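# Coordinates in review
In case you want the letters, here they are:
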Amino acid sequence: MQSFGSVQSIQSNSSTPLFSELLGQMYQTTGNNSNLENMSSLFYNGDSPVYLPSNLSYQPESLVSSFSTYAPTTSMPSSNYDEIIKRASEAYNVPEKLISSVIKQESNFDPSATSTAGASGLMQLMPGTAKYLGVKNIFDPEQNIMGGAKYLRQMLNQFDGNMETALAAYNAGPGAVKKYDGIPPYKETQDYVRKVLNNYQT
């Protein structure tokens, strides 16, 4: 018998169901598999099947709720940055939810994220933009969020408070938005604006 926190896995001759058999049902119920791979690894031991104890509820909703506590996270939750986001919002008059939505789309709250183009940190600032914004350490969460919020405010000011074109400018640059007099016909930018606004409005 192996123990994982307050959850135990029982191997060999057990009449309780395999954890792996429940993953499909959990996904169908929740529509979200973000933690399922992590959960699966917690209840798998080499080549040996791992069973769930009979005293656990097998309702998919309760399994997701219970086991997600034990699943390792791959990115920092937004709550770790709420205070910085709040200060940035107040400093630059940008809605907190908009800053969080941009971070979610840009880096999924991973402060060490780096794109192939060289954009880095929570709000994926390019080195030149970061320098222009006064960001000395692009991977420092506070500097990155403050810099990104400042840039968002500049884009909002430049495009008369229009959130869609400001976000397009954040992604593709203000020059591209001016060239096309609106959101550029780039699929990446169009998807970016749509996803950030979806996050912002939910």
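In this text, all values refer to a predicted model and were calculated from it rather than measured experimentally.

Each helix and strand counted, the protein has ten helices and two strands in total. Starting at the N terminus and ending at the C terminus, the protein contains elements arranged as β-β-α-α-α-α-α-α-α-α-α-α. Out of the 202 residues belonging to the protein, those deemed buried represent 38%. In the protein, of all internal contacts separated by at least 6 residues, the share reaching a separation of at least 24 is 51%.

At a minimum axis distance of 8 Å, the contact between helix α7 (residues 141-158) and helix α8 (residues 163-172) shows a crossing angle of 125°. By the criterion of interaxial angle, the relationship of α7 to α8 is oblique. The handedness of the crossing between α7 and α8 is right-handed. Two secondary-structure elements touch here, α7 through Gly148, Tyr151, Leu152, Met155 and Leu156 and α8 through Met163, Ala166, Leu167, Ala169 and Tyr170. For the contact of α7 with α8, the class distribution of residues is nine nonpolar, one polar and no charged.

Ranked by size, the top nonpolar core spans 35 residues in total, and within it Ile99, Val102, Ile145, Leu152 and Leu167 carry the most contacts. Breaking this core down by element, the ones donating at least two residues are α4 (82-92), α5 (96-107), α6 (127-133), α7, α8 and α10 (187-201). The leading source of residues in this core is α7, at seven residues. With near-sequence residues (within four places) excluded, Ile145 lies in contact with Tyr81, Ile84, Ile85, Ala88, Ile99, Ile103, Leu122 and Met123.

Counted by the stated rule, this structure contains four salt bridges. Asp191 is the partner of Arg194 in a salt bridge, and the nearest nitrogen-oxygen pair spans 3.5 Å. You can see Arg194 and its partner Asp191 sitting in helix α10, three residues apart, about one turn around the helix. Its relative accessible area of 43% is what places Arg194 among the partly exposed residues. Salt bridges sharing partners connect three or more residues here, namely Glu83, Arg87 and Glu142.

Criteria and thresholds
- Residues numbered from 1 in each chain as written.
- Predicted model: local features only at pLDDT ≥ 70, side-chain atom pairs only at ≥ 80, totals over all residues.
- Heavy atoms only, no water.
- Helix = DSSP H or I, 4+ residues; strand = E, 2+ residues; numbered from the N terminus.
- Buried < 20%, exposed > 50% of the residue type's maximum accessible area, 1.4 Å probe, protein only.
- Contact = heavy atoms within 4.5 Å.
- Axes fitted to C-alpha atoms, helices over the stretch in contact; angles between N-to-C directions.
- Parallel < 35°, antiparallel > 145°, perpendicular 65-115°, else oblique.
- Left-handed = near helix turned anticlockwise from the far one by under 90°.
- Nonpolar A, V, L, I, M, F, W, Y, C, P; charged D, E, K, R; others polar.
- Core = buried A, V, L, I, M, F, W, Y, C linked by side-chain atoms within 4.5 Å.
- Salt bridge = Lys/Arg side-chain N within 4 Å of Asp/Glu carboxyl O.

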